[in-house]
Amino acid sequence: MTSNIVLSNQEFKTVGQRPIRHDGYDKVTGKALYGADMNLPGMLYGVVLRSPHGHARIKSIDTSNAEAHPDVRAVVTSADFPALDGDDVRPNLRRQSANLMARDKVLYRGHAVAAVAATSLQSADEAAALIEIDYEVLPSLNDAEVAMAPGAVLLHDEFENNVASHNEMVLGDIEKGFAAADLVIEREFRTSTVHQGYIEPHTATAWWTPQNKTTIWCSSQGHFGMRGETAAVLELIEADIKVVPMEIGGGFGGKTTVYLEPVALLLSRKSGQPVKVTMSRADVLEASGPTSGCYMKVKLGATNDGALVAGYADLRFEAGAFPGSPVGAAAVCMFSPYDIENLTIDAYDVVNNKPKTSAYRAPGAPQGAFAVETVIDELCEKLSVDPMDFRIRNAAKEGTRRITGMQNPRIGAVETYQAAKDHDHYVAPLEGPNRGRGVAAGFWMNGSGEACATATVNDDGSVGLTIGSVDIGGLRPVAAQQLAEVLGIPVETVNPQVGDTDTIGYSSVTGGSGAAFKTGWASYEAAQDVKRQMIERAAMIWERTADEIELVDGVFEHKSDSELSATFAEIARQTRRTGGPVVGSANLNPPGAGSAFGVHMVDVEVDPDTGKVTVLRYTVVQDAGKAIHPSYVEGQLQGGAVQGIGWALNEEYFMNDDGRMMNASFLDYRMPTSLDLPMIDTVIVEVANPGHPFGVRGVGEVAIVPPMAAVANAVYHAIGARMNVLPITPKAISEAMAK
C-alpha cells in the first residue's frame with residue numbers, strides 16, 4: 001500500500017500545509033504560456049543547420065543559395081558573432097560562443113554551423129538545406145577512455161590527451177587507512193551519457209528593435225543568466241536586453257545556459273523582425289547538454305567490526321565538446337554520506353565528441369553514488385553486516401569533515417538512515433525466485449545564491465508577490481506560503497508571479513536545490529518589511545508607537561489595550577490615506593544552505609528468460625529540513641527516483657563509431673512511464689536547517705542520487721551477479737546470468 005509520511009518536528013500555520021497551487025488552473029486549462037507559444041507581428045521562423053559529423057574541420061561555408069531564397073530574411077554563421085579574441089576574454093566565454101555556432105571545427109553531431117530566418121518554417125528548412133559546407137572528417141571520440149588513449153586525436157590543441165583538468169582531493173592518509181583495513185574491495189564502473197528528458201524543447205523568440213533594445217522570450221531556469229550570457233557572447237550591454245521568463249516544461253538543470261537565444265537575436269538584428277527558433281526533439285538530444293558518461297574506479301577499506309577507514313576514487317568524466325563536466329561535484333559528494341577519515345580522489349575532466357554537458361539534477365553525484373554504494377553493499381555482504389546498520393554506524397554527523405575539508409553543520413544523515421531502517425519496507429518479506437532488495441544512500445550539498453522579492457499590499461488585504469527566480473517545481477506557492485506565514489494571512493490571498501529582468505532585481509538560477517531556500521527567504525524578508533510598515537500604519541491610526549503593536553495570526557493588536565485590534569485587511573484599506581501604498585522588498589544572498597541526505601529501498605524481480613527487470617516496490621526516505629509544501633516535496637522525491645530508475649535500467653546515448661547518436665528520439669531513448677513503475681512511497685524526515693527561518697533544506701536533487709546503486713544492488717540480490725555498467729539492460733543481465 002502506497003504511503004507518504006512526514007516526520008515533522010515543528011508545526012506552522014501555513015508552512016507545512018498543502019494549498020492548491022496558484023498556477024494550477026492556468027496550466028490545466030492551457031492558459032499558461034510557454035516559450036513556443038510566442039507569436040508576434042511579422043515574426044519569422046528560424047532553423048539551425050547542424051553538423052552531420054561527430055568531428056570535422058570546416059573548410060568552407062557557402063550561404064549564397066540560402067540567402068537567394070525568396071522567403072529568407074537573414075542567415076547567420078559564426079562570422080556574425082563577435083570574435084572574442086581579446087586578451088581579457090575568458091577562455092570559457094570563447095568556448096561558449098563556439099558551442100553556439102561552430103567556428104573552425106565541429107565537435108559533435110548536431111553542432112550548430114549556420115542559422116536561417118524565413119517567413120515560414122518550411123521555407124527556413126528549405127533554405128538551410130541549400131547551405132553548402134565542405135568538411136574534413138576527423139575521428140570521433142565517443143568516451144573518456146578512447147579520448148585519453150595515447151595517440152588519440154585532440155579536440156583542442158591546449159588539452160594534452162584531451163584532459164581539460166585533473167584535480168586531486170586528499171583528506172587524511174589513505175595508505176595509513178588501507179593498512180588499518182581488514183577488508184579492501186576495489187571495483188570499476190561505467191555509466192553512459194544520459195539526458196534530462198524534459199518534455200518541452202528549447203525555444204527562444206527574440207526581437208531587436210531599431211532603437212537597439214532587445215527582448216527575448218524563453219523557457220529557462222534563470223532568465224537573468226540568459227540575459228548575462230547573451231550579452232557576454234554578443235558583447236552587448238545587459239541593460240539593453242530584457243528577458244521575459246515563460247512557463248517551463250521541465251529543465252532538471254538542462255536549461256541553465258543559452259543555446260538559441262543569441263542566435264535568434266542575431267537573426268532578428270539582420271532581418272529587422274522578431275524571430276522564433278525552436279529545437280526538434282532530435283536537436284534537443286544531439287545538441288543540448290546531457291550529463292556525463294564516465295569511467296570510475298572505487299576502492300574502500302573497512303575493519304571487521306564494520307568501520308569505514310579509507311576510500312579512493314579515480315573519476316574520468318566526459319565533458320563533451322568543451323570542458324566542464326560535473327566531476328568536481330561527484331568528487332565532493334560520493335563519500336560525503338559517511339565519516340571516513342582517509343580519502344583521496346583523482347578527478348579528470350575529459351573532452352570528447354559529444355554535446356557539451358550541462359547540469360542534470362545533482363550533477364555528478366548519482367554516478368559517484370552508484371560506484372560507492374555498490375562497493376558498500378559488497379562490503380556489507382562480506383562482513384555479514386546489515387546494510388542499514390553499516391550506514392548508521394558510519395554516518396556523517398555534525399562535525400564530520402568532508403573531503404573538501406569542510407566540517408558538517410547540523411545535518412540529518414543519522415535520522416534519515418534510521419527512518420529507512422524503521423520503515424516497514426526494509427523488513428517486509430520478499431518471497432519468490434529472482435527477486436532482490438537493494439538499498440543505497442546519497443548526498444547533495446544544496447545551494448544558495450542571489451534572490452529578490454517584492455510584496456505589494458492591495459486595498460483589500462491581498463498581497464502581490466513578485467519573485468526573481470523561475471518556478472520549475474512549485475516555487476510560487478512555496479514563496480507565497482513563507483510570506484503568508486509571516487503576515488498571518490491566508491496563502492490564497494497571495495498572488496505570486498515571476499518578474500522579468502526589468503521588473504525585479506537580479507536573481508540567480510533556479511538550480512542547486514536552492515530556490516525554496518533563497519527565494520523563500522527573500523519572500524520571508526519582504527514579508528517582514530511589509531509587517532514593519534503595516535505596524536507603523538496601525539500605530540499612526542491608533543496614535544500609538546510602533547513598539548506597542550504586534551501582528552498575531554493576521555491581526556494587529558496593541559500589547560496592553562485589547563480594544564485596539566484590526567485585521568490585516570482592515571489596516572490595508574487605510575494605507576493610501578496613511579502614507580500611500582505599502583511595498584515590502586528584500587534582496588539577499590543567504591549563506592547556510594543545508595546539505596541533505598537520502599536513502600532509497602527498492603524491490604525488483606528479474607525475468608530469467610528475457611533479462612527484464614520489474615520494479616515491485618520503491619521507497620524514498622529524505623531529509624527536507626522543513627517541507628514547506630509536502631505534496632511538492634513528495635513529487636520531487638518520486639520524480640527523482642523515477643529518473644534514477646530510468647538511468648539505471650534503460651537510458652543511454654547509443655553512439656555509432658562516427659559519433660552519431662542512434663536513438664535520438666523518445667521512441668528509442670527509453671524513459672520510464674507510469675506504466676513501468678509502482679507508486680513510490682516517500683518518507684520526509686525533518687531535521688531543521690538552522691541556517692533558514694523555517695529550517696528549509698533543498699529537496700530537488702538528492703532524490704536522483706541513490707536510485708542507480710539501489711537498483712544495481714537489488715538486481716545483484718536477485719540474480720547473484722554484480723552489475724557495474726549502466727544501463728542494466730536485459731541483454732547485460734542475460735549475459736551475466738549465463739556466466
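Shown above is the structure to which this text applies.
Scoring rules and cut-offs
Residues numbered from 1 in each chain as written. Predicted model: local features only at pLDDT ≥ 70, side-chain atom pairs only at ≥ 80, totals over all residues. Heavy atoms only, no water. Helix = DSSP H or I, 4+ residues; strand = E, 2+ residues; numbered from the N terminus. Rg over C-alpha atoms; globule rule 2.2 N^0.38 Å. Buried < 20%, exposed > 50% of the residue type's maximum accessible area, 1.4 Å probe, protein only. Contact = heavy atoms within 4.5 Å. Areas by Shrake-Rupley, 256 points an atom, 1.4 Å probe, with all protein chains shown as cover. Lys, Arg positive; Asp, Glu negative; His and termini not counted. Charge placed at Lys NZ, Arg CZ, Asp CG, Glu CD. Phe/Tyr/Trp six-rings, centres within 6.5 Å; stacked < 30°, edge-to-face > 60°. Lys NZ or Arg CZ within 6 Å of the ring centre and 35° of its normal. Pairing = 2+ DSSP bridges. Axes fitted to C-alpha atoms, helices over the stretch in contact; angles between N-to-C directions. Salt bridge = Lys/Arg side-chain N within 4 Å of Asp/Glu carboxyl O. Parallel < 35°, antiparallel > 145°, perpendicular 65-115°, else oblique. Left-handed = near helix turned anticlockwise from the far one by under 90°. Nonpolar A, V, L, I, M, F, W, Y, C, P; charged D, E, K, R; others polar. Right-handed = clockwise from strand over helix to strand, strands pointing away. Expected span 1.5 Å × (residues − 1). Core = buried A, V, L, I, M, F, W, Y, C linked by side-chain atoms within 4.5 Å.

1. Quick word on the overall build of the chain
Item 1. Each helix and strand counted, the chain has 20 helices and 27 strands in total.
Item 2. Its C-alpha radius of gyration of 27 Å places the chain within 12% of the 27 Å reference for a compact globule of 739 residues.
Item 3. By its C-alpha atoms, the chain is 85 × 75 × 50 Å across when sized along the principal axes.
Item 4. In the chain, which comprises 739 residues, the share counted as buried stands at 61%.
Item 5. Here the analysis covers contacts within the chain between residues at least 6 apart in sequence; of these, 80% occur between residues at least 24 apart.
Item 6. Taken as a whole, the chain presents about 27,600 Å² of accessible surface, with 49% of it coming from carbon and sulfur.
Item 7. Each charge class in the chain was averaged separately, 61 positive and 91 negative side chains, and the resulting centres sit 1 Å apart.

2. Some remarks on the packing of aromatic side chains
Item 1. Scanning the model with the defined rule gives 10 aromatic pairs in all.
Item 2. Both rings, one in Y338 and one in Y417, keep their centres 6.5 Å apart while their planes meet at 35°; by these two values the pair is tilted. Of this pair, Y338 sits in the loop between helix 10 (327-333) and strand 16 (343-351) while Y417 sits in helix 13 (residues 413-422); the two residues are 79 residues apart in sequence, bridging distant segments of the chain.
Item 3. Taking the centre distance of 5.3 Å and the plane angle of 15° together, the rings of Y360 and W647 count as stacked. With Y360 in the loop between strand 16 and helix 11 (365-383) and W647 in helix 18 (residues 630-649), the pair connects residues that are 287 residues apart, well separated along the chain. Comparing Y360 with W647 shows no difference in burial state: the two are buried.
Item 4. An aromatic cluster is present here, built from F12, Y524 and F694 joined pairwise through their rings.
Item 5. Geometry around F178 places K299 over its ring, the cationic atom sitting 4.4 Å from the centre.
Item 6. Cation over ring: R316 sits above Y348, and NZ or CZ is 5.2 Å from the ring centre.

3. Things to note about the sheet that holds strand 23 (residues 565-567)
Item 1. Taken in spatial order, the three strands of this open sheet run 21-22-23, and their pairing is antiparallel. Sheet topology places strand 21 (549-552) and strand 23 at the edges, where each strand pairs with a single neighbour. Sheet twist, expressed as the average angle between the axes of neighbouring strands with direction ignored, equals 25°.
Item 2. Bridge count for strand 21 against strand 22 (residues 555-558) is four bridges, and the pairing is antiparallel. Looking at strand 22, one finds that I549 is bridged to H558.
Item 3. Sitting on the sheet, helix 16 (residues 515-542) is in contact with strand 21, strand 22 and strand 23, with an inclination near 125° to strand 21.

4. Things to note about the pattern of salt bridges
It is possible for side chains of opposite charge to pair when their charged atoms get near one another.
Item 1. On inspection of all chains with the given rule, the structure shows 40 salt bridges.
Item 2. Two residues, E238 and R227, come together in a salt bridge whose shortest N-O distance is 3.2 Å. With E238 in the loop between helix 7 (223-234) and strand 12 (241-245) and R227 in helix 7, the pair connects residues that are 11 residues apart, well separated along the chain.
Item 3. The buried category is assigned to R227, whose relative accessible area is 12%.
Item 4. When the shortest N-O distance is used, the salt bridge between R617 and D681 registers 3.7 Å.

5. Things to note about the sheet that holds strand 18 (residues 451-457)
Item 1. Spatially, the four strands line up as an open sheet ordered 20-19-18-24, and their pairing is mixed. In this open sheet, the two edge strands, each paired with only one partner strand, are strand 20 (494-498) and strand 24 (583-588). Pairs of neighbouring strands in the sheet enclose a mean axial angle of 15°, with direction left out of account.
Item 2. With six bridges joining them, strand 18 and strand 24 adopt antiparallel strand pairing. The partner of T454 across the bridge, within strand 24, is S585.

6. Observations concerning the packing of helix 18 against helix 19 (residues 707-719)
Item 1. Across the interface, helix 18 lies against helix 19 with an axial gap of 8 Å and an inter-helix angle of 55°. As far as their axial angle goes, helix 19 and helix 18 are oblique. In the crossing of helix 18 with helix 19, the sense of the turn from one axis to the other is right-handed. Between helix 18 and helix 19, the residues in contact are G640, A641, G644, I645, W647, A648 and L649 and P707, M708 and V711, respectively.
Item 2. Residue composition of the contact of helix 18 with helix 19, by class: eight nonpolar, two polar and no charged.

7. Here's the deal with the pairing of strand 12
Item 1. Of all five residues in strand 12, four are buried; the element is thus mostly enclosed.
Item 2. With five bridges connecting them, strand 11 (residues 214-218) and strand 12 associate as parallel partners. Within strand 12, the position partnered with C218 by the bridge is P245.
Item 3. The β-α-β motif built from strand 11, the intervening helix 7 and the parallel element strand 12 has right-handed crossover chirality.

8. Looking at helix 19
Within an α-helix, residues lying three or four positions from one another point in the same direction, as the helix has 3.6 residues per turn.
Item 1. For helix 19, which comprises 13 residues, the first-to-last C-alpha distance of 18 Å matches the rise-based estimate of 18 Å (1.5 Å per residue) to within 8%.
Item 2. Counting buried residues in helix 19 gives 12 out of 13 residues, a clear majority hidden from the surface.
Item 3. Buried within helix 19 we find P707, M708, A709, A710, V711, A712, N713, A714, V715, Y716, A718 and I719.
Item 4. Summarising the contacts, the buried residues of helix 19 are in contact with helix 11, strand 17 (435-444), strand 25 (596-606), strand 26 (613-623), helix 18 and helix 20 (730-738).

9. Brief notes about the nonpolar core
Item 1. Of all hydrophobic cores here, the largest spans 109 residues; its most connected members are L300, L315 and Y417.
Item 2. With 10 residues, helix 11 is the single largest residue contributor to this core.
Item 3. With 48 residues, the next largest nonpolar core counts V457, A479, V491 and V696 among its residues.

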